[in-house]
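In case you want the letters, here they are:
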Amino acid sequence: MHTAYDYSAYWERCWNEEDEDALFRWLDGWNRSASEEMEFLKSRGVKTVCDAACGFGAHTLAFASNGFEVSAFDISPKAAALTREGLRKYGYGGVEVKTADILDTGYADASFDAAAAYAVLDHLTGADARRALAELSRITKPGGWILLSFDEAEEDDCLCPHELLSDGSMVYSDETPRSGLLFRPHDKGRIEELTAGYQLVRQDRNQKGDQIVLLHNETRP
């Protein structure tokens, strides 16, 4: 890893504690699910997509079931295993899913037409979020697309006991079920700071209220 913060410990524990049957039932809603951002990528001729830090594979399944050639990775081996198992249940066992760090994915330059990171960069420090975005840019073809989403900070997120890092990242304390989770909420200004030097094409909210950002991988820092 290229960072002093150990992201893997929290996420591996998190996915090992999940109810697998409940996760797989939840996947039903993602099979062939449509979204405005997915239709946008289709309209731009996107064929190959990397689902970065895929979690249990909900978005991976959505991409695969909508006809994209998708590859996925997660820092947690358990998450990668859940994604592979979930995809197999829906007939997409051929999708490549691996364990990797978003700061060093191991893919070759310009491997994909697009890369997507749903609610990922807001769980990295500010410096690591910039590194991760640069890595997504590296593995995306020039002229391709980078799709990002950011969770909306809720009252409980700020009230839950945490340590505040110098860059505004919150690291939740051992007294909470979120122990070890890092969350750095992104408002419009913080998103603009993160994406400075990239060509910002879209910044709005989807039907679920998540902040959606689309970058054209043309102008890079």
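Residues numbered from 1 in each chain as written. Predicted model: local features only at pLDDT ≥ 70, side-chain atom pairs only at ≥ 80, totals over all residues. Heavy atoms only, no water.

Asks: I tried to follow the packing of aromatic side chains on my own but got confused; where do I start?
Replies: Any aromatic ring pair is given by two values, namely how distant the centres are and how the planes are angled relative to each other. This structure, assessed with the given rule, holds seven aromatic pairs. Ring geometry for Phe40 and Trp145: centres 5.0 Å apart, planes at 90 degrees, overall edge-to-face. Here Phe40, found in helix H3 (residues 36-43), pairs with Trp145, found in strand S5 (residues 140-150); they are 105 residues apart in sequence, far enough to count as distant. Exposure class is identical for Phe40 and Trp145. Each is buried. An aromatic cluster of three or more residues is present, and its members are Phe73, Tyr107 and Phe112. (Phe/Tyr/Trp six-rings, centres within 6.5 Å; stacked < 30°, edge-to-face > 60°. Helix = DSSP H or I, 4+ residues; strand = E, 2+ residues; numbered from the N terminus. Buried < 20%, exposed > 50% of the residue type's maximum accessible area, 1.4 Å probe, protein only.)

Asks: Would you mind going over the side chain of Ser76 with me for this structure?
Replies: By the element assignment, Ser76 lies in the loop between strand S2 (69-74) and helix H5 (77-89). Using a relative accessible area of 0% as the deciding quantity, one classes Ser76 as buried. Ignoring anything within four residues of it in the chain, the contact list for Ser76 reads Trp11, Glu12, Trp15 and Thr99. (Contact = heavy atoms within 4.5 Å.)

Asks: Looking at this structure, I do not really get the nonpolar core. What am I missing?
Replies: As a rule of thumb, nonpolar side chains are buried together in soluble globular proteins. Core analysis: the largest hydrophobic core is formed by 33 residues, its most contacted members being Leu41, Val46, Phe56, Phe63, Phe68 and Leu147. Looking at this core, the elements that each hand over two or more residues are helix H2 (20-27), H3, helix H4 (58-65), S2, H5, strand S4 (112-118), S5 and strand S10 (211-217). The dominant element in this core, judged by the number of residues it contributes, is H4, at five residues. (Core = buried A, V, L, I, M, F, W, Y, C linked by side-chain atoms within 4.5 Å.)

Asks: In this structure, what is going on with the sheet that holds strand S9 (residues 199-205)? I would like to understand it.
Replies: Two strands in a sheet stick together by hydrogen bonds in their backbones, pointing the same way (parallel) or opposite ways (antiparallel). Judged by pairing direction, the sheet is mixed, and its seven strands sit side by side in the order S3-S2-S1-S4-S5-S10-S9 without closing on themselves. Each having just a single partner strand, strand S3 (96-99) and S9 make up the two edges of the open sheet. Between one strand axis and the next, the sheet turns by 15 degrees as a mean value, whatever way the strands run. Relative to S10, S9 runs antiparallel, the two sharing six bridges. (Pairing = 2+ DSSP bridges. Axes fitted to C-alpha atoms, helices over the stretch in contact; angles between N-to-C directions.)

Asks: What should I look at first to understand the pairing of S2 in this one?
Replies: Counted residue by residue, S2 has five buried out of six residues, so it is predominantly covered. Direction of pairing for strand S1 (residues 48-51) relative to S2: parallel, over a ladder of four bridges. By the bridge assignment, Thr48 is partnered in S2 with Glu69. This β-α-β element, S1 to H4 to S2, shows right-handed connectivity. Relative to S3, S2 runs parallel, the two sharing four bridges. Each bridged residue has a counterpart across the sheet, and for Phe73 the counterpart in S3 is Lys98. In the classification by handedness, the crossover that spans S2, the intervening H5 and the parallel S3 is right-handed. (Right-handed = clockwise from strand over helix to strand, strands pointing away.)

Asks: Please clarify how the sheet that holds strand S6 (residues 162-164) should be interpreted in this entry.
Replies: In spatial order, the strands read S6-S7-S8; together these three strands make up an open sheet with antiparallel pairing. Pairing within the sheet leaves two strands with one partner each, and these edge strands are S6 and strand S8 (182-183). As judged from the three bridges shared by S6 and strand S7 (residues 170-172), these two strands associate in the antiparallel manner. Among the inter-strand pairings, Leu164 is bridged to a residue of S7, identified as Met170.

Asks: What's the story with the environment of Gly94 in this structure? I'm lost.
Replies: Along the chain, Gly94 turns up in the loop between H5 and S3. A residue is classified by how much of its surface remains accessible, and Gly94, at 80% relative accessible area, is exposed. When the C-alpha atoms of Gly94 and Val70 are compared, they prove to be 9.8 Å apart, with 24 residues separating the residues in sequence.

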